Amino acid sequence: MHFASAALQPLTLWLAAIVVLPLLVLGAARAPWRLVLARSERQHLMLGALVVLPALWTMAVPLDSGIRLHLLYMTTVTLIFGWSLAVVIGSLAQLGLVLINQAELLSLPVNVLIDVVIPVTVTHSILALCERFRYRNLFVYLFGPAFAGAVLAALASVAVGWLLIRSSATPELNPAILPLLVFPEGFLNGTLITAFAVFRPNLLRTYDEARLIGPPG
């Protein structure tokens, strides 16, 4: 969900900036930059995400209210990079939309909050909840943080977006669009993480291959 600045109250834009800026600083401070710099494939993956995410987000459905609907893909980014780097990458990708004139600078904090911080945090929380039970089944990882995490991340993003819409004069969204966003989000993120787990598990920072499928024989 992407907002134009005209769809929101000025106070909402300022409050979003106050919330997002400290989280972005925290993410940048906690990000494992040494690990990224130590592995070229990780650098290439990060640069690829910075290019692919804005391209995917431009494939949005515009509404008359100044809102565009699109899939997030932030669950995949979170499970590959972890919370800190995912927040940084998602925020830079949102800035990329501004640079290519696909978004407004004024509404950047709101869109970072809705499209990045909330889905990344929800996915990370689902992963942390699963980790508490020390699961040893690969399907728990794929259907928990990957599929269910993406579904809940999309629901949380839409819910906060709906609250922002209610606080402004923007017409409310039709609830019928919710399944059109939530289920594709879960399916696509689950499919992407499954592909990584099968073909390039070493690129999934949140994936413990030894625990889930055992040590190499």
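Residues numbered from 1 in each chain as written. Predicted model: local features only at pLDDT ≥ 70, side-chain atom pairs only at ≥ 80, totals over all residues. Heavy atoms only, no water.

A tally of regular secondary structure across the protein chain gives nine helices and three strands. When the helices and strands of the protein chain are listed from N to C terminus, the series reads β-α-α-α-β-β-α-α-α-α-α-α. For the protein chain, the C-alpha radius of gyration of 17 Å lies close to 17 Å, the compact-globule estimate for 217 residues. Within the span of the protein chain, comprising 217 residues, buried residues form 49% of the whole. For the protein chain, restricting intrachain contacts to residue pairs at least 6 apart in sequence, the fraction spanning at least 24 positions comes to 78%. (Helix = DSSP H or I, 4+ residues; strand = E, 2+ residues; numbered from the N terminus. Rg over C-alpha atoms; globule rule 2.2 N^0.38 Å. Buried < 20%, exposed > 50% of the residue type's maximum accessible area, 1.4 Å probe, protein only. Contact = heavy atoms within 4.5 Å.)

Okay, helix 6 (residues 108-132) next. Along an α-helix, residues three or four positions apart point the same way, because every turn accommodates 3.6 residues. Its 25 residues give helix 6 an end-to-end C-alpha distance of 34 Å, which sits within 8% of 36 Å, the value for a rise of 1.5 Å per residue. Along helix 6, the sharpest kink reaches roughly 30°, centred on Ile-114. (Expected span 1.5 Å × (residues − 1). Bend = angle between axes of the 7 residues up to and from the residue.)

This structure, assessed with the given rule, holds two salt bridges. The partner of Arg-39 in a salt bridge is Glu-41, and the shortest N-O contact between them spans 2.3 Å. The residue Glu-41 makes a salt bridge to Arg-200 at a minimum N-O spacing of 2.7 Å. Placement of Glu-41 in helix 3 (residues 40-57) and of Arg-200 in the loop between helix 8 (178-199) and helix 9 (209-213) is noted, with a sequence separation of 159 residues between them. Note on Glu-41: relative accessible area 27%, which makes it partly exposed. Taken together, the salt bridges that share partners define one network made up of Arg-39, Glu-41 and Arg-200. (Salt bridge = Lys/Arg side-chain N within 4 Å of Asp/Glu carboxyl O.)

With that settled, consider empty space enclosed by the protein. As enumerated under the stated definition, the model contains one cavity of 30 Å³ or more in all. Of the volumes computed, that of the largest cavity is approximately 60 Å³. Met-1, His-70, Leu-71, Leu-72, Ala-154, Ser-157, Val-158, Leu-181 and Glu-185 together form the lining of the largest cavity. For the lining of the largest cavity, the secondary-structure elements that each account for two or more residues are helix 7 (138-166) and helix 8. Ranked by the residues each element gives to the lining of the largest cavity, the list is headed by helix 7, at three residues. (1 Å grid on protein atoms, 1.4 Å probe; cavity = no way out; pocket = protein on both sides within 12 Å on 5 of 7 lines; lining within 4 Å. Points joined across faces, edges and corners; volume = space filled by probe spheres on them.)

We now examine the sheet that holds strand 2 (residues 61-62). Strand order in the open sheet formed by three strands is 1-3-2, with antiparallel pairing between adjacent strands. Looking at the sheet topology across the chains shown, the edges are occupied by strand 1 (2-3) and strand 2. Pairing between strand 1 and strand 3 (residues 67-69): two bridges, direction antiparallel. Of the residues in strand 3, the one forming a bridge with Phe-3 is Ile-67. (Pairing = 2+ DSSP bridges.)

Purely geometric stuff here, so don't read any function into it on its own.
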